[in-house]
Amino acid sequence: MAINFNQAEFVLSAASPKQFIRDGRKQLAFAGRSNVGKSSVINRLLGRRNLARVGASPGKTTQINYFLIDRKLYLVDLPGYGYAKVSKAERERWGKLMENYFRSSGLIDLGVLIVDARHKPTADDVTMCAFFRANGCPHIVVANKLDKLKKSEVEPNLARIRETLGMEETDALVPFSAEKGEGKEQLLRLLRTYCETKRGGEDNGDTGEV
Ligand code: GDP
């Protein structure tokens, strides 16, 4: 049965590995630098105004937030990176948390990397994309704030994102506007397709409820 992304609830914030959820449900991890609009993209996808907190003091959140979708899978909001004013200690905390999350094998099923459609991806974006790749994790790149581009800028900017992140032709890049809603259906379609494909011989987190 199709996953209903409008059926979402906040479950918990994890600040350390012992709090990571390991219940066998699939986990879709959303990553992006602070202020790229990650919270806005999540709210737009889930059809909610303020489930993920928009404009929440950038860089101050070294927590992983879990949202349970349709009781079937988790949307995992990874802490934003690349905020210039963050202290060294906080940056280290972020690095440790990420390392632990990525290292805890089997937690992450699909990565969604959100970048700014206007700009060349930052070194941190490239690192995050490489993280997904190194962990053998399928991923989708979302180019947000599309509404801020002129029509003529769209194609060249998307090509620059592909090239900078070293994406293959077949890797999914979704032009998106959290503000206007553009790209929402395409991204939901990709997420659904991915989630409804069972992992080889494994339980897909479906509780078997009828
Ligand atoms: P986060 O730090 O990545 O979670 O980013 P937020 O969701 O808090 O958004 C940061 C700022 O960008 C806010 O002022 C949003 O209103 C704005 N924003 C987010 N997405 C878009 C978009 O698609 N278009 C435009 N124009 N602004 C956006």
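Attention in this report is confined to the structure presented alongside it.

What counts and how
Residues numbered from 1 in each chain as written. Predicted model: local features only at pLDDT ≥ 70, side-chain atom pairs only at ≥ 80, totals over all residues. Heavy atoms only, no water. Helix = DSSP H or I, 4+ residues; strand = E, 2+ residues; numbered from the N terminus. Buried < 20%, exposed > 50% of the residue type's maximum accessible area, 1.4 Å probe, protein only. Contact = heavy atoms within 4.5 Å. Areas by Shrake-Rupley, 256 points an atom, 1.4 Å probe, with all protein chains shown as cover. Expected span 1.5 Å × (residues − 1). Arc of directions from axis to C-beta.

### Overview of the overall build of the protein chain
A tally of regular secondary structure across the protein chain gives five helices and seven strands. Scanning the protein chain from its N terminus toward the C terminus, one meets helices and strands in the order β-β-α-β-β-α-β-α-β-α-β-α. Counting every position in the protein chain, which comprises 210 residues, the buried fraction comes to 49%. In the protein chain, the proportion of contacts linking residues at least 24 apart, taken out of those at least 6 apart, comes to 76%. Here the protein chain has roughly 11000 Å² of accessible surface; of this, 48% comes from carbon and sulfur atoms.

### Some points on helix H4 (residues 151-165)
For H4, which comprises 15 residues, the first-to-last C-alpha distance of 22 Å matches the rise-based estimate of 21 Å (1.5 Å per residue) to within 8%. Looking at H4, one finds that the buried residues are Val154, Asn157, Leu158, Ile161 and Leu165. Buried residues in H4, looked at end-on, bunch into an arc of 105 degrees, giving them a common side. Turned more than 90 degrees away from the buried face of H4 sit Ser152, Glu155 and Glu163, all of them exposed. Where the residues of H4 are buried, they touch strand S5 (110-116), helix H3 (123-134), strand S6 (139-144) and strand S7 (173-175). Two residues or fewer past H4, glycine 166 is found with a positive phi of approximately 65 degrees.

### Some details on the environment of threonine 127
Mapped onto the fold, threonine 127 is located in helix H3. You can call threonine 127 partly exposed: its relative accessible area is 46%. Through-space distance from the C-alpha of threonine 127 to that of leucine 165 is 8.8 Å; in sequence the pair is 38 residues apart.

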